[in-house]
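Residues per chain are reported as follows:
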Amino acid sequence: MKADVLLGLQWGDEGKGKIVDVLTPNYDIIARFQGGPNAGHTIEFDNKKFVLHTIPSGIFNKNSLNIIGNGVIIDPFIINKEIENLVNNNIEVGDNLLVSKKAHLILPTHRLLDAAYESAKGKDKIGSTLKGIGPTYTDKTARNGIRIGNIQRPDFLNKFRELKEKHLQIIKSFGFDYENLKLDGLGLKHYEEKWFDAIEKISTLTAIDSEYFINQSLNSNKTMLAEGAQGTMLDIDFGTYPFVTSSNTVTAGVCTGLGISPHRIGEVFGIFKAYCTRVGSGPFPTEDESGDGKKLRIDGNEFGSTTGRPRRCGWLDLAALKYSIMLNGVTGLFMMKADVLNDFEAIKVGIKYDFNGELIDYIPFEASYENLNPVYIEKPGWKTNINSITDKTIMPTELAEYVKFIENEVNVPVKMVSVGPDRSETIEM
Ligand code: GDP
Ligand code: IMO
Ligand code: MG
């Protein structure tokens, strides 16, 4: 079998968690391939709400196997809290969760480094989630990292101490006051104790050579969905650099993050909001800082799932969407949060950019994104509550036309329209 992929086409938080959960019954395996606990994937059903950071969103389906791939970075403290919360809510976590031995560990001092770097950047800060993502991937590429498979080895503690010392030296050289910084409410010493308790607990998870396991599973006709984190516009190579995350969030990341060849990629599902949001700093051409942007934030409850920060809101950006579709080879689209537009008379869509007087629909390197002035058209709103609609034949015509318009512009079919956070609130197209 081939592996299907679901990933975000904007700046993250498109609703990946919800859709992975909806699609899970169609797959034997759900696998995360990149990112770490900077992700916050929300799943709602039966009046319950869960936010996952590291664990794949297939965990709620009793029949699915969930794999955390080699490309993911893991904070033992955070994943342990996730597991405890699931177990307390009677969601089974045991043999249904496998972890790659090659996945790298986020150390407590990676989080301190993240804070030190951000503070040193001052007004140019990235707006990181401060989960230690950048510093952990930096150690991975600099060949200093510590991996899940190292935990059981005799030199684990030595490696930990050496790396921690290196980190503290850097932090001190910044003159950063790390001794007063709290990690999840705890000082470094205390947090480190909890981190080691968590290491003990996660040692009971099954660690595997995931690249062999995954390829053998596909060989024996098992179906797999790879679950992206963040979004294409946050990709380390193709996003709005340097205001990006530190991993490849695009389809190519599935190959390196799970160890499968490009020939084994099947469908690529791209997910986007019917409008657009971004959390953290960096360019966002179609951002709306007027009342409409505020209304999108309130109606869409646009506050970060990981950090609680208000998300910046604006309009669909078709040039950026086309770019993401091209980079990922998207074969089907999921349009999310259509219901958030229920109460808009007119819906703006960015169709092109005015770049120094020229109209373009691509994103040239030379354009600092601030120079890209979006050109909008307006589509009529549907001005009605669509939350309970699950049948496309009774969709308001304005919504059907909005979907058709996007499909025609980007040349990829929309497979599903999401009209609410609950698992059941979807319209199959
Ligand atoms: P992810 O990171 O891509 O999984 O997305 P997040 O969970 O961070 O953010 C998406 C938010 O929108 C969550 O609070 C979801 O519960 C919610 N959500 C998902 N789909 C819909 C939808 O169609 N309508 C509404 N109103 N909310 C949605
Ligand atoms: P999910 O998977 C939205 C953003 C941060 C910051 C930048 C770098 O829930 O869609 P990092 O912590 O990676 O160093 O932050 O990327 N960011 C996200 N924004 N959703 C996410 O994940 C994000 N993960 C990171 O806000 O601007
Ligand atoms: Mg999120």
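Scroll up to find the structure.
Residues numbered from 1 in each chain as written. Chains lettered and ligands numbered in written order. Predicted model: local features only at pLDDT ≥ 70, side-chain atom pairs only at ≥ 80, totals over all residues. Heavy atoms only, no water.

## Here we look at the site of ligand 2
Working step 1: The full set close to ligand 2 counts 21 residues, and Asp-13, Lys-16, His-41, Thr-129 and Thr-245 are the nearest of them.
Working step 2: With respect to ligand 2, the side chain of Thr-129 contributes an N or O atom lying 2.5 Å from an oxygen atom.
Working step 3: Taking 550 Å² as the accessible area of ligand 2 by itself, protein coverage stands at 97%.
Working step 4: Taken atom by atom, the bulk of ligand 2 overlaps the largest pocket.
Working step 5: When grouped by side-chain class, the residues that make up the shell around ligand 2 number eight nonpolar, ten polar and three charged. (Near = heavy atom within 4 Å. Polar contact = N/O pair within 3.5 Å; in protein donor to acceptor, adjacent residues only side chain to side chain. Areas by Shrake-Rupley, 256 points an atom, 1.4 Å probe, with all protein chains shown as cover. 1 Å grid on protein atoms, 1.4 Å probe; cavity = no way out; pocket = protein on both sides within 12 Å on 5 of 7 lines; lining within 4 Å. Sits in = over half its atoms within 2 Å of the grid points. Nonpolar A, V, L, I, M, F, W, Y, C, P; charged D, E, K, R; others polar.)

## Some words on the packing of helix α2 (residues 76-88) against helix α6 (residues 188-202)
Working step 1: Where α2 contacts α6, the axes come no closer than 8 Å and their chain directions differ by 60 degrees. Considering the angle they form, α2 stands oblique to α6. Note on packing geometry: the crossing formed by α2 with α6 is left-handed. Across the interface between the two elements, Pro-76, Phe-77, Ile-79, Asn-80 and Glu-84 of α2 pack against Tyr-191, Lys-194, Trp-195, Ala-198, Ile-199, Lys-201 and Ile-202 of α6. (Axes fitted to C-alpha atoms, helices over the stretch in contact; angles between N-to-C directions. Helix = DSSP H or I, 4+ residues; strand = E, 2+ residues; numbered from the N terminus. Parallel < 35°, antiparallel > 145°, perpendicular 65-115°, else oblique. Left-handed = near helix turned anticlockwise from the far one by under 90°. Contact = heavy atoms within 4.5 Å.)

## Description of the coordination of the magnesium ion (ligand 3)
Working step 1: Distances from the magnesium ion (ligand 3) to its protein donors, namely Asp-13 (OD) and Gly-40 (O), fall within the range 2.0 to 2.2 Å. Of this pair, Asp-13 sits in the loop between β1 (3-8) and α1 (16-23) while Gly-40 is found in the loop between β2 (29-32) and β3 (41-45), placing the two residues 27 residues apart along the sequence. (Donors = N, O, S within 2.8 Å, 3.2 Å for Na, K, Ca; no water.)

## Some words on the pattern of salt bridges
Working step 1: The final tally for this structure, using the stated rule, is 22 salt bridges.
Working step 2: Lys-164 serves as the salt-bridge partner of Glu-192, at 2.9 Å between the closest nitrogen and oxygen. In this pair, Glu-192 is assigned in helix α6 and Lys-164 in helix α5 (residues 156-173), connecting sequence segments 28 residues apart.
Working step 3: In this structure Lys-164 comes out as buried when scored by relative accessible area, which is 19%.
Working step 4: The salt bridge involving Arg-311 is made with Glu-302; its shortest N-O contact spans 2.6 Å. The same class applies to Arg-311 and to Glu-302, which are both buried.
Working step 5: Each of Asp-13, Lys-273, Glu-302, Arg-311 and Lys-337 takes part in a single network of salt bridges with overlapping partners. (Salt bridge = Lys/Arg side-chain N within 4 Å of Asp/Glu carboxyl O. Buried < 20%, exposed > 50% of the residue type's maximum accessible area, 1.4 Å probe, protein only.)

## Digging into empty space enclosed by the protein
In this approach, a probe sized like a water molecule rolls over the atoms, and the result shows the empty space that is left.
Working step 1: Overall, the coordinates contain one cavity of 30 Å³ or more when judged by the stated rule.
Working step 2: Taken as a whole, the largest cavity encloses approximately 50 Å³ of empty space.
Working step 3: If you go around the largest cavity, the residues you meet are Leu-9, Gln-10, Trp-11, Met-233, Cys-276, Leu-316, Asp-317, Ala-320 and Leu-321.
Working step 4: Elements represented by at least two residues in the lining of the largest cavity include exactly β14 (316-317) and α10 (318-328).
Working step 5: Here the lining of the largest cavity is composed, by residue class, of seven nonpolar, one polar and one charged. (Points joined across faces, edges and corners; volume = space filled by probe spheres on them.)

## Section: the pairing of strand β16 (residues 346-355)
Working step 1: Alignment of β14 against β16, held across two bridges, turns out to be parallel. Note that in β16 the partner of Asp-317 across the bridge is Gly-350.
Working step 2: The pairing of β16 with strand β18 (residues 372-380) spans nine bridges and is antiparallel. Opposite Lys-352, over in β18, you have Val-375 as the bridge partner.
Working step 3: With three bridges connecting them, β16 and strand β17 (residues 358-360) associate as antiparallel partners. Note on β17: the bridge partner recorded for Asp-354 is Leu-359. (Pairing = 2+ DSSP bridges.)

## Observations regarding the packing of aromatic side chains
Working step 1: Under the counting rule described, the total for this entry stands at twelve aromatic pairs.
Working step 2: Plain terms: the ring middles of Phe-50 and Phe-60 are 4.9 Å apart, the flat faces sit at 40 degrees to each other, and that makes the pair tilted. On the criterion of sequence distance, the pair formed by Phe-50 in strand β4 (residues 48-52) and Phe-60 in the loop between β4 and β5 (65-68) is long-range, its members being ten residues apart.
Working step 3: Accessibility expressed as a relative area gives 2% for Phe-50, which makes it buried.
Working step 4: Site record: aromatic cluster; members linked through ring pairs are Phe-45, Phe-50 and Phe-60.
Working step 5: A cation over a ring is seen here: Lys-295 above Phe-344, with NZ or CZ 5.3 Å from the ring centre.
Working step 6: Against the face of Tyr-376 rests Lys-348, its NZ or CZ located 4.5 Å from the ring centre. (Phe/Tyr/Trp six-rings, centres within 6.5 Å; stacked < 30°, edge-to-face > 60°. Lys NZ or Arg CZ within 6 Å of the ring centre and 35° of its normal.)

Purely geometric stuff here, so don't read any function into it on its own.
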